[in-house]
Amino acid sequence: MTSSKQLFTPIKIGHLTLPNRFIMGSMHTGLDHSDDPFGRLAAFYKERADGGVSLIVTGGVSPNEEGLISPGAMMLTNAEHVEQYKFITDTVHKANSNILMQILHAGRYAKHENLVAPSAIRSPINPFVPKEMSDAEIMQTIDDFVNCAQLAQQAGFDGIELLGSEGYFLNEFTAPRTNHRSDQWGGSFENRSRLPLDIVRSTRKALGENFIIQYRMSVLELVEDGWNIDEAQQFAIALESAGIDIINTGIGWHEAAIPTIAMQVPRGAFAWATAKIKQVVNIPVAAANRINTVEVAEKIIDNNEADMVYLSRPFLADADFVNKAKNQQFDEINTCIACNQSCLDHIFAGKIASCLVNPRACHETLYPAINTSTSAQKIAVIGAGAAGLSFSIEAAKAGHSVTLYESASTIGGQLLYAHLVPGKEEFDELLRYFAVMLDKYGVSVKLNCTADANQLQSEQYDVIVLSSGIKPRQLGISGINHASVLNYQEAFNQPNKIGQKVLILGAGGIGFDMAEFITHNHSNKDPITEYNDSWGIDPEGKKPGALLGKTVGNKQIRDVTLMQRKSGKFGRSLGKTTGWIHQAELHKRGVKLLGDLEYIKIDDAGLHIEREGEIRVIPADTIIICAGQEPCDELADSISTLAPKVIHIGGVKEVRELDAAQAIRDGVRLAYKLSN
Ligand code: NAP
Ligand code: SF4
């Protein structure tokens, strides 16, 4: 039973006493590239500070040109820039919170040509080869870190976080994988640790005791030639002696072939590793990665695995996470579902981050807290999928009278299929949040109710919003009505109809989801053991990089082929940061991929295709169609004149490239438009 008591027991970090155990973690938001970086960042942090978080860590700020993660990213090297940062710290302090500036030197992950590293070894995720640093350049870089910290202090920051994990610069020095030097900065553990420890000591000396130094250290590297837990513990002890105030625990390098923050990773999966660091030091230790609910956070603190919890994306999803936890409004928290779709995938596409479940995130100045509308309107919403739900809630919040019609017996639309996919159970949280908010804001929900024109006319609505969504695309292949054929909705709803030999036509997001759904081998293992086994993680962390070198499980339970007509790589439409995980999962389960073909017909013999100029028949028990969607617009004509405004949102408006993020954003945007 969640009580959240421990999470609100004050804690002393260096010179600060914090009222709760939540740290808002560092995030790349992309706002540094916006037209008003400091104004928008201040607004973003202010909402989270108002929401009760006691310590905020900024996105990464480089201590010099070479360390920039990409051209134009944040850098603090010069007293002229202090005032801009001061605007952020003043805003956060006025909201009674505290803020650390993260110093991020990107090392060999920098996306520009002037990158540097301990050794000239290119990262597999970066086309640029780093220059090996000279002794003098290393000494200069230590000074740059100290200078950056001094400027941060002048700008009013309560301290800094040194990013020493995920395979960035400081981590590159500590890891044998990236540090092949034979001078005083490489070789032995002592030599590899020298640079980060020198930075800590010099910073402490220059800045005195009343300035927090938080170090985000790498605990599990999850790459070959990474260190093991014994070296990580040794390093934690050395950091404490060098004068840091708090350790934050990083898991996995960015180039690791193991997911560490995606939905497929169980909640709290790495608290055991953080606990091993906590065992050897006396300063506070924070746990991170996949902590997205109060319950998980509380369990970690109660079990004494960490002193604080470091949550990043959950604060994109809900700025008021901490206050809601304090007030025991657990069901009202908009939970981060770890999809990465609107946060990290946006960053990788060079866009400003946001959040699938909360499109206001990082757009606070563009969508200020919604006004209570001066002229409340009577609104009908047809369809309780993602777009209809998000619109209904935001419109009701603004004071409109909203009636939501849904022909099914439950809300959710397409989201109901997402939550059935193994590893996507987090979508349950979104459905729970929507249900609680509909109730809270008094939306009248009519389930099992197909809105008809007469009824809508008699109610005299001011606005009718059509959010009836999409339906599976009907293919024109000969034999499409054969008994072996199911569309994806039928397959999700009636899995007992799916045979042993299965062909999936269409390899977009839903084709991949379907392949995972029908090949999942349900086991009785607890989720963290299953995850460790499946990805080859040493649960004791004793092996180099905590890698076992083998995986366990993934027995093939069906013969499945995923098909697409186009040639080339499968999964191109999947998310940049999660697509590779889906691909790896299917590979482990023996799913075959077949592309560059035409579908000819379906009959008792199976699916007939043309490929490389030849006609072939592929036998199949079941053929599942995952070939995209069409708008579900049957009602569109009959309702078009039934209210002064009839507006389409979500899939019924634009089916191309529609996903849950776009649908929710559409709903929220329309509510703003009608209310401001
Ligand atoms: P989709 O991504 O558009 O994929 C449809 C697939 O069907 C394509 O592989 C396409 O490949 C094939 N196709 C299209 N028209 C066809 C036709 N006339 N005949 C035969 N095959 C055809 O659609 P979706 O999979 O339904 O996904 C819908 C939306 O939800 C997308 O925006 C998707 O990104 C999102 N989503 C994402 C995820 C995820 O990222 N994990 C999961 C679920 C949904 P060929 O034309 O080459 O055959
Ligand atoms: Fe979490 Fe997804 Fe929102 Fe990112 S986009 S913060 S992963 S819910």
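Figured I'd write up the structure that's included with this text. (Residues numbered from 1 in each chain as written. Chains lettered and ligands numbered in written order. Predicted model: local features only at pLDDT ≥ 70, side-chain atom pairs only at ≥ 80, totals over all residues. Heavy atoms only, no water.)

### Here we look at empty space enclosed by the protein
Spelled out, the test is: We place a 1 Å grid over just the protein atoms. Points where a 1.4 Å probe fits but has no way out form a cavity, open points with protein on both sides within 12 Å along at least 5 of 7 lines form a pocket, and any residue with an atom within 4 Å of a point lines it. Grid points are joined across faces, edges and corners, and a volume is the space filled by probe spheres set on the points. Amino acids outside the nonpolar list (Ala, Val, Leu, Ile, Met, Phe, Trp, Tyr, Cys, Pro) and the charged list (Asp, Glu, Lys, Arg) are all regarded as polar, and Gly is one of them.
In the structure shown here, the tally under the stated rule is 3 cavities of 30 Å³ or more. Of the pockets and cavities examined, the largest cavity occupies roughly 80 Å³. If you trace the largest cavity, you find 13 residues lining it, with Cys336, Cys339, Cys343, Cys355 and Leu356 closest to the centre. Looking at the lining of the largest cavity residue by residue, the classes come out as 9 nonpolar, 3 polar and 1 charged.

### A word on the pairing of strand S11 (residues 285-288)
Heads up, the condition is: Relative accessible area decides the class of each residue, using a 1.4 Å probe on protein chains only: under 20% of the type maximum gives buried, over 50% gives exposed, and in between gives partly exposed. Labels follow the DSSP assignment, with helices taken as runs of H or I lasting at least four residues and strands as runs of E lasting at least two, numbered in each case from the N terminus. Pairing between strands is defined by DSSP: at least two bridges between the two strands are required. The handedness of a crossover follows from its direction of travel: if, with the strands pointing away from the viewer, the path from the first strand over the helix to the second runs clockwise, the crossover is right-handed.
Burial along S11 is two-sided: Val285 and Ala287 facing one way and Ala286 and Ala288 facing the other are all buried. As judged from the 2 bridges shared by strand S10 (residues 246-251) and S11, these two strands associate in the parallel manner. Looking across to S11, one finds that Asn248 is bridged to Ala286. For the segment spanning S10, helix H7 (residues 271-278) and S11, crossover handedness is right-handed. Sheet analysis places S11 next to strand S12 (residues 308-311), joined by 3 bridges and oriented parallel. What sits directly across from Ala288, in S12, is Tyr310.

### Some points on the environment of Ile138
Tracing the backbone through its elements, the reader meets Ile138 in helix H3 (residues 135-154). Overall, Ile138 belongs to the buried group, its relative accessible area being 0%.

### Let's talk about the site of ligand 2
Put simply, the rule is: When at least one non-hydrogen atom of a residue lies within 4 Å of a molecule or strand, that residue is treated as near it. Here the criterion for a molecule occupying a pocket or cavity is that more than half of its atoms lie within 2 Å of the pocket grid points.
The environment of ligand 2 is made up of Arg313, Leu316, Cys336, Ile337, Ala338, Cys339, Asn340, Ser342, Cys343, Cys355 and Leu356. If you map ligand 2 onto the pockets, it falls in the largest cavity. Here the shell around ligand 2 is composed, by residue class, of 8 nonpolar, 2 polar and 1 charged.

### Brief notes about the sheet that holds strand S25 (residues 622-625)
Working definition: the strands of a sheet are paired by backbone hydrogen bonds and lie parallel or antiparallel to each other. Put simply, the rule is: Note on geometry: axes are lines fitted to C-alpha atoms, helical ones only across the stretch in contact, with angles between N-to-C directions running from 0 to 180 degrees. Contacts are residue-level and defined by heavy atoms, with any inter-residue pair within 4.5 Å sufficient.
As summarised here, the arrangement of the 5 strands in space is S18-S25-S19-S20-S21, forming an open sheet in which the pairing is parallel. Both outer strands of the open sheet, strand S18 (485-487) and strand S21 (592-594), are each paired with one neighbouring strand and no more. Strand-to-strand twist across the sheet, computed as the mean angle between neighbouring axes with direction ignored, equals 25 degrees. In this structure, strand S19 (residues 501-505) lies alongside S25, joined through 4 bridges in parallel fashion. Bridge pairing links Leu505 to Ile625 in S25. The strands that helix H17 (residues 509-519) touches are S19, strand S20 (559-563) and S25; relative to S19, the one it contacts most, it runs at about 165 degrees.

### Observations regarding unusual backbone geometry
Of note, Asp225 is a non-glycine position whose phi angle comes to about 65 degrees, a positive value. Looking at the element boundaries, Asp225 is found in the loop between strand S9 (212-220) and helix H6 (229-242). We classify Asp225 as partly exposed; its relative accessible area is 49%. At Ala546, a residue that is not glycine, the phi angle is positive and equals roughly 60 degrees. Position of Ala546 relative to the elements: it lies in the loop between helix H18 (527-535) and S20.

Everything listed here is a matter of coordinates, which is why it stays silent on function.
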